[in-house]
Amino acid sequence: MAHAIRFHETGGPDVLRRETVDVGDPGPGEVRVRHEAVGLNFADTYFRTGLYPAPLPAGLGVEAAGVVEAVGPGVTRFTEGDRVTYTGSPLGAYSTERVMPADSLIRLPDTIASDTAAAMTMRGLTAAYLLRRIHPLKPGDPILLHAAAGGVGLIVCQWAKLLGLTVIGTVSTEEKAELARAHGCDHTIRYRAEDVAARVRELTDGTGVPLVLDSVGKDTVAGSMASLRRRGLLVCFGTSSGVPPLDAMQLVLHGSLFVTRPALADYIADPAERDDLAGELFGHVAAGRIDIRINQRYALDDAATAHRALEAGRTTGSSVLIP
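Because the structure is a prediction, the values reported are computed rather than measured.

A description of the overall build of the protein should follow, citing residues and the corresponding values.
In terms of helices and strands, the protein carries nine helices and 16 strands. What you see for the protein is a C-alpha radius of gyration of 20 Å, in line with the 20 Å of a compact globule of 323 residues. When the backbone C-alpha atoms are referred to their principal axes, the protein occupies close to 60 × 40 × 35 Å. Accessible area of the protein: about 13500 Å², with a carbon and sulfur share of 50%. Charge separation in the protein, taken as the distance between the mean sites of 32 positive and 38 negative side-chain charges, equals 5 Å.

For the sheet that holds strand S14 (residues 258-260), give the residues involved together with the corresponding values.
As a general point, the strands of a sheet are linked pairwise by backbone hydrogen bonds and lie either parallel or antiparallel. Strand order in the open sheet made by the six strands is S11-S10-S9-S12-S13-S14, with parallel pairing throughout. One side of each edge strand has no neighbouring strand; the edge strands of this open sheet are strand S11 (187-190) and S14. Pairwise comparison of adjacent strand axes, ignoring direction, gives a mean angle of 15° for this sheet. In the sheet, strand S12 (residues 209-214) pairs with strand S13 (residues 228-236) via five bridges, with the strands oriented parallel. Within S13, the position partnered with Val-209 by the bridge is Leu-228. Across the face of the sheet, helix H5 (residues 196-203) comes into contact with strand S9 (142-145), strand S10 (166-171), S11, S12 and S13 while running at roughly 160° to S11.

Lay out the packing of helix H1 (residues 42-49) against helix H9 (residues 303-311) with the relevant residues and their values.
Where H1 contacts H9, the two axes come as close as 10 Å, and the packing angle between them is 110°. Classified by the angle between their axes, H1 and H9 sit roughly perpendicular to one another. The residues of H9 that touch H1, namely those facing Phe-42, Asp-44, Thr-45, Arg-48 and Thr-49, are His-307, Leu-310 and Glu-311. Looking at the contact of H1 with H9 residue by residue, the classes come out as two nonpolar, three polar and three charged.

Please give an account of the pattern of salt bridges that cites residues and values.
According to the stated counting rule, one finds 21 salt bridges in the structure shown. A salt bridge links Asp-276 to Arg-133; its shortest N-O distance comes to 2.9 Å. Separated by 143 residues along the polypeptide, Asp-276 in helix H8 (residues 271-286) and Arg-133 in the loop between helix H2 (114-132) and S9 bring together distant segments of the chain. A residue is classified by how much of its surface remains accessible, and Asp-276, at 43% relative accessible area, is partly exposed.

Explain the environment of Ala-180 to me, using residue names and the numbers behind them.
Note that Ala-180 resides in helix H4 (residues 174-182). A sequence separation of 33 residues divides Ala-180 from Ala-147, and the C-alpha atoms of the two residues are 9.2 Å apart. Setting aside anything within four residues of it in sequence, one finds Ala-180 in contact with Ala-148, Ala-149, Leu-154, Cys-157, Val-171, Cys-185 and Thr-188.

Explain empty space enclosed by the protein to me, using residue names and the numbers behind them.
Summed over the entire model, instances satisfying the criterion amount to one cavity of 30 Å³ or more. Within this model, the largest cavity holds a volume of roughly 30 Å³. What lines the largest cavity is simply Gly-150, Gly-151, Leu-154, Ile-155, Asp-291, Ile-292, Arg-293, Gly-317 and Ser-318. Looking at the lining of the largest cavity, the element that brings in the most residues is helix H3 (residues 151-162), giving three residues. Here the residues of the lining of the largest cavity are counted per class, giving three nonpolar, four polar and two charged.

Tell me what's going on with the pairing of S9, and back it up with residues and numbers.
Here S9 shows two buried faces, one formed by Pro-142 and Leu-144 and the other by Ile-143 and Leu-145. Sheet analysis places S9 next to S10, joined by four bridges and oriented parallel. Opposite Leu-145, over in S10, you have Gly-169 as the bridge partner. Each parallel crossover has a hand, and the one from S9 via H3 to S10 is right-handed. Inspection of the sheet shows S9 paired to S12 by three bridges, in the parallel sense. Bridged to Ile-143 within S12 is Leu-211.

Describe the environment of Arg-6, listing the residues and the values that go with them.
Secondary-structure assignment places Arg-6 in strand S1 (residues 2-7). Given a relative accessible area of 21%, Arg-6 falls into the partly exposed group. With sequence-adjacent residues up to four places away left out, Arg-6 is seen in contact with Val-15, Leu-16, Arg-17, Glu-19, Val-21, Pro-57, Ala-58 and Gly-59. Reaching out from Arg-6, the side chain makes a polar contact with the side chain of Glu-19 at a distance of 3.1 Å.

Kindly report on the state of the cysteines, identifying the contributing residues and their values.
As enumerated under the stated definition, the model contains zero disulfides in all. Cys-185 supplies the cysteine sulfur nearest to Cys-157, a cysteine that is in no disulfide, at a spacing of 4.4 Å. Among the residues examined, Cys-157 registers a relative accessible area of 0% and is labelled buried. Cysteine Cys-236 is unpaired, with the sulfur of Cys-157 as its nearest cysteine sulfur at 19 Å. The class of Cys-236 is buried, set by a relative accessible area of 5%.

The rules we used
Residues numbered from 1 in each chain as written. Predicted model: local features only at pLDDT ≥ 70, side-chain atom pairs only at ≥ 80, totals over all residues. Heavy atoms only, no water. Helix = DSSP H or I, 4+ residues; strand = E, 2+ residues; numbered from the N terminus. Rg over C-alpha atoms; globule rule 2.2 N^0.38 Å. Areas by Shrake-Rupley, 256 points an atom, 1.4 Å probe, with all protein chains shown as cover. Lys, Arg positive; Asp, Glu negative; His and termini not counted. Charge placed at Lys NZ, Arg CZ, Asp CG, Glu CD. Pairing = 2+ DSSP bridges. Axes fitted to C-alpha atoms, helices over the stretch in contact; angles between N-to-C directions. Contact = heavy atoms within 4.5 Å. Parallel < 35°, antiparallel > 145°, perpendicular 65-115°, else oblique. Nonpolar A, V, L, I, M, F, W, Y, C, P; charged D, E, K, R; others polar. Salt bridge = Lys/Arg side-chain N within 4 Å of Asp/Glu carboxyl O. Buried < 20%, exposed > 50% of the residue type's maximum accessible area, 1.4 Å probe, protein only. 1 Å grid on protein atoms, 1.4 Å probe; cavity = no way out; pocket = protein on both sides within 12 Å on 5 of 7 lines; lining within 4 Å. Points joined across faces, edges and corners; volume = space filled by probe spheres on them. Right-handed = clockwise from strand over helix to strand, strands pointing away. Polar contact = N/O pair within 3.5 Å; in protein donor to acceptor, adjacent residues only side chain to side chain. Disulfide = S-S within 2.5 Å.

Right under this line is the structure:
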C-alpha cells in the first residue's frame with residue numbers, strides 16, 4: 001500500500017502524520033505517478049500552519065518527480081514509464097505515489113535525475129519567472145536578492161550571472177555568504193551585522209538597485225524599499241517572516257516605487273509558457289551552467305524533522321524527501 005504524510009489540524013510540525021492511503025486507478029485525464037523524490041518548500045509550512053488555507057484533513061507538498069505507472073482515459077501526452085516532474089496544486093506530494101491531472105506534469109529529460117528535479121522544479125521555475133518575466137533587466141544591472149543562500153537564491157545567483165547582472169545578496173552567516181559567493185553572488189551582506197540599505201547604496205554609488213527580490217517579507221520590507229532607486233520594483237515573492245505591511249505612502253516617499261506580490265501559478269498557468277520556462281531551466285541545468293545544490297535529504301517519514309530545520313533556518317540550498 002501507498003502511504004502519505006497528512007495533517008488533520010493546523011499547527012507545528014508535530015501535526016504531520018504518516019498514513020496509509022488507497023491511491024486507486026487514474027480517471028479521465030489523469031495519471032498515477034510513483035514518486036522517487038519529493039521537494040521540500042517553505043510554502044509547505046504555510047499550509048501546515050494555516051496561513052494558506054486547505055480543507056482538512058489534507059495532504060501536503062506541491063512538488064515531486066517520479067515515473068508514470070498508469071494513464072487514464074484520454075491521456076495522450078504521457079505513457080507508462082515516462083519520467084515526469086511537477087509543481088503546483090493539488091496538495092499531496094508528500095506521498096509514495098498519487099493520482100495527478102496529466103496537464104500538471106512536465107516531462108523530465110533523461111539528463112536530469114529525479115532528486116535534482118524535485119529539488120528544483122518549483123525553485124527553478126520561480127527563478128525563471130523572476131529573472132525572465134517580471135522586470136526588464138539588462139547586463140550590468142544590480143539587483144538585491146534576500147536569502148541568497150536559499151534554494152531559490154542559489155539558482156537566481158547563477159542564472160543572474162548568465163544574464164550579466166550584478167547580484168547583491170543578503171545572508172545570515174559567513175558560511176552562507178561563502179556559499180552564495182560560490183554560486184555567483186557578487187556582494188554579500190550579513191543582515192544581522194550590517195545595515196542592508198546603507199550597504200546597497202554604498203555598492204551602487206548611492207543610486208540603489210532597480211529590482212529587489214524579497215522572499216522574507218515583514219522583517220525585510222523596510223530595508224528593501226530603502227534599497228531601491230527611484231521607480232524601482234519590489235518583488236515580494238515569499239513571506240518567511242510573515243506578510244509585510246505595505247503603506248502606499250512609503251512607496252511615494254522612497255521614490256514612486258512599484259511593488260508586486262507574484263505567485264508562480266500565474267506564470268505557469270499557460271502550458272506553452274510553462275514549457276518554455278522549464279525548457280530554459282532544464283537546458284541550463286543539463287549543461288552544467290546552473291548547479292542544483294541538494295544540501296539536505298530526509299526520509300519521507302521524517303517530514304516533521306525537515307520542517308523544524310527549515311523553519312529554524314538551518315537549511316541551505318535545496319532539501320528533498322525520499323519516499
